Amino acid sequence: MLTKEQVKRHCNIEQDFTEDDIWIDTSIKAAARYVETWTRRRLYDTADDPDYLVDPDRLLYGEDIEMAMLMLIAHWYTNRETVSTGSTTSALAFSTEALLQPYRIYGL
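Description of the structure in this document. (Residues numbered from 1 in each chain as written. Predicted model: local features only at pLDDT ≥ 70, side-chain atom pairs only at ≥ 80, totals over all residues. Heavy atoms only, no water.)

Scanning the protein chain from terminus to terminus reveals five helices and two strands. The proportion of buried residues among the 108 residues of the protein chain is 31%. Of the contacts formed within the protein chain by residues at least 6 apart in sequence, a portion of 60% connects residues at least 24 apart. When the accessible surface of the protein chain is totalled, it reaches about 7,200 Å², and 53% of it is carbon and sulfur. (Helix = DSSP H or I, 4+ residues; strand = E, 2+ residues; numbered from the N terminus. Buried < 20%, exposed > 50% of the residue type's maximum accessible area, 1.4 Å probe, protein only. Contact = heavy atoms within 4.5 Å. Areas by Shrake-Rupley, 256 points an atom, 1.4 Å probe, with all protein chains shown as cover.)

Looking at the element boundaries, Asp55 is found in the loop between α3 (50-54) and β2 (58-60). Sequence-distant contacts of Asp55, that is, excluding residues within four places in its chain, are made with Arg42 and Tyr44.

Here Cys11 shows up in the loop between α1 (4-10) and α2 (21-39). Excluding anything up to four places from it in sequence, Cys11 contacts Ala74 and Tyr77.

In this structure the tally under the stated criterion is two aromatic pairs. When the ring of Trp23 is compared with that of Tyr77, the centres are 5.4 Å apart and the planes differ by 65°; the resulting orientation is edge-to-face. Residue Trp23 is found in helix α2, and its partner Tyr77 is found in helix α4 (residues 63-78); the two are separated by 54 residues along the sequence. Each ring, one from Tyr44 and one from Tyr52, has its centre 5.4 Å from the other, and the planes form 80°; the classification is edge-to-face. Here the two residues Tyr44 and Tyr52 agree in accessibility, since each one is buried. Just above the ring of Tyr52 sits the side chain of Arg58; from NZ or CZ to the centre is 5.0 Å. The ring of Trp23 is capped by Arg80, whose NZ or CZ atom sits 4.6 Å from the centre of that ring. (Phe/Tyr/Trp six-rings, centres within 6.5 Å; stacked < 30°, edge-to-face > 60°. Lys NZ or Arg CZ within 6 Å of the ring centre and 35° of its normal.)

Put into C-alpha coordinates, the structure is as follows:
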(Lines give C-alpha, C1' and ligand atoms only; values in the text may rest on other atoms or scores of the structure.)
Protein backbone atom coordinates (compact mmCIF):
# COMPACT_ATOMS: atom_id res chain seq x y z
CA MET A 1 0.00 0.00 0.00
CA LEU A 2 1.06 3.58 -0.38
CA THR A 3 3.48 5.04 2.09
CA LYS A 4 3.67 8.56 3.42
CA GLU A 5 7.07 8.92 1.73
CA GLN A 6 5.63 8.00 -1.68
CA VAL A 7 2.84 10.54 -1.29
CA LYS A 8 5.26 13.26 -0.24
CA ARG A 9 7.49 12.51 -3.24
CA HIS A 10 4.50 12.57 -5.61
CA CYS A 11 3.15 15.83 -4.15
CA ASN A 12 6.61 17.45 -4.08
CA ILE A 13 6.55 17.75 -0.28
CA GLU A 14 9.90 17.75 1.51
CA GLN A 15 10.33 14.51 3.45
CA ASP A 16 11.30 16.40 6.61
CA PHE A 17 8.13 18.52 6.50
CA THR A 18 5.92 16.76 9.04
CA GLU A 19 3.04 19.18 9.63
CA ASP A 20 0.82 17.36 7.13
CA ASP A 21 1.79 13.80 8.07
CA ILE A 22 -1.50 13.05 9.85
CA TRP A 23 -3.43 14.49 6.90
CA ILE A 24 -1.39 12.33 4.49
CA ASP A 25 -1.99 9.17 6.55
CA THR A 26 -5.72 9.89 6.57
CA SER A 27 -5.70 10.59 2.83
CA ILE A 28 -4.02 7.27 2.08
CA LYS A 29 -6.85 5.50 3.93
CA ALA A 30 -9.47 7.65 2.19
CA ALA A 31 -7.96 6.94 -1.24
CA ALA A 32 -8.01 3.19 -0.55
CA ARG A 33 -11.65 3.47 0.50
CA TYR A 34 -12.40 5.49 -2.66
CA VAL A 35 -10.92 2.69 -4.77
CA GLU A 36 -12.98 0.09 -2.94
CA THR A 37 -16.18 2.10 -3.20
CA TRP A 38 -15.73 2.99 -6.87
CA THR A 39 -14.76 -0.52 -7.95
CA ARG A 40 -17.17 -2.24 -5.53
CA ARG A 41 -14.33 -4.56 -4.53
CA ARG A 42 -12.15 -5.03 -1.47
CA LEU A 43 -8.56 -3.89 -1.94
CA TYR A 44 -5.81 -6.19 -0.70
CA ASP A 45 -2.21 -5.14 -0.21
CA THR A 46 -0.85 -8.64 -0.93
CA ALA A 47 -2.13 -12.02 -2.02
CA ASP A 48 -0.79 -13.38 1.29
CA ASP A 49 -3.83 -12.03 3.14
CA PRO A 50 -5.89 -15.10 4.18
CA ASP A 51 -9.12 -13.37 3.13
CA TYR A 52 -7.76 -12.64 -0.36
CA LEU A 53 -8.14 -16.21 -1.63
CA VAL A 54 -11.72 -16.64 -0.41
CA ASP A 55 -12.98 -13.22 -1.56
CA PRO A 56 -14.63 -13.58 -4.99
CA ASP A 57 -14.49 -9.80 -5.52
CA ARG A 58 -10.90 -9.33 -4.43
CA LEU A 59 -8.74 -6.58 -5.90
CA LEU A 60 -4.97 -6.78 -5.59
CA TYR A 61 -3.07 -3.54 -5.13
CA GLY A 62 -0.92 -2.78 -8.18
CA GLU A 63 0.73 0.05 -10.07
CA ASP A 64 -2.43 1.36 -11.72
CA ILE A 65 -4.29 1.36 -8.40
CA GLU A 66 -1.33 3.12 -6.82
CA MET A 67 -1.31 5.79 -9.54
CA ALA A 68 -5.04 6.40 -9.13
CA MET A 69 -4.57 6.80 -5.39
CA LEU A 70 -1.60 9.15 -5.84
CA MET A 71 -3.57 11.28 -8.29
CA LEU A 72 -6.49 11.51 -5.88
CA ILE A 73 -4.31 12.42 -2.93
CA ALA A 74 -2.37 15.05 -4.90
CA HIS A 75 -5.67 16.57 -6.02
CA TRP A 76 -6.98 16.57 -2.45
CA TYR A 77 -3.72 18.08 -1.20
CA THR A 78 -3.94 20.95 -3.67
CA ASN A 79 -7.71 21.43 -3.29
CA ARG A 80 -8.55 21.09 0.38
CA GLU A 81 -12.02 22.56 0.13
CA THR A 82 -15.18 20.99 -1.27
CA VAL A 83 -15.62 23.77 -3.81
CA SER A 84 -12.95 24.78 -6.29
CA THR A 85 -13.08 28.40 -7.43
CA GLY A 86 -11.29 29.93 -10.36
CA SER A 87 -10.90 26.71 -12.37
CA THR A 88 -12.90 25.78 -15.41
CA THR A 89 -11.97 22.17 -16.15
CA SER A 90 -10.69 19.09 -14.41
CA ALA A 91 -9.49 15.85 -15.96
CA LEU A 92 -8.86 14.13 -12.63
CA ALA A 93 -12.11 12.19 -12.55
CA PHE A 94 -11.57 10.85 -16.06
CA SER A 95 -7.93 9.93 -15.37
CA THR A 96 -8.73 8.21 -12.10
CA GLU A 97 -11.71 6.38 -13.58
CA ALA A 98 -9.64 5.31 -16.58
CA LEU A 99 -7.17 3.62 -14.23
CA LEU A 100 -9.85 1.99 -12.07
CA GLN A 101 -12.48 1.15 -14.71
CA PRO A 102 -11.07 -2.28 -15.66
CA TYR A 103 -11.56 -3.38 -12.05
CA ARG A 104 -15.07 -2.06 -11.49
CA ILE A 105 -17.91 -4.49 -10.87
CA TYR A 106 -21.00 -3.31 -12.68
CA GLY A 107 -24.52 -4.22 -11.78
CA LEU A 108 -26.43 -3.81 -8.59
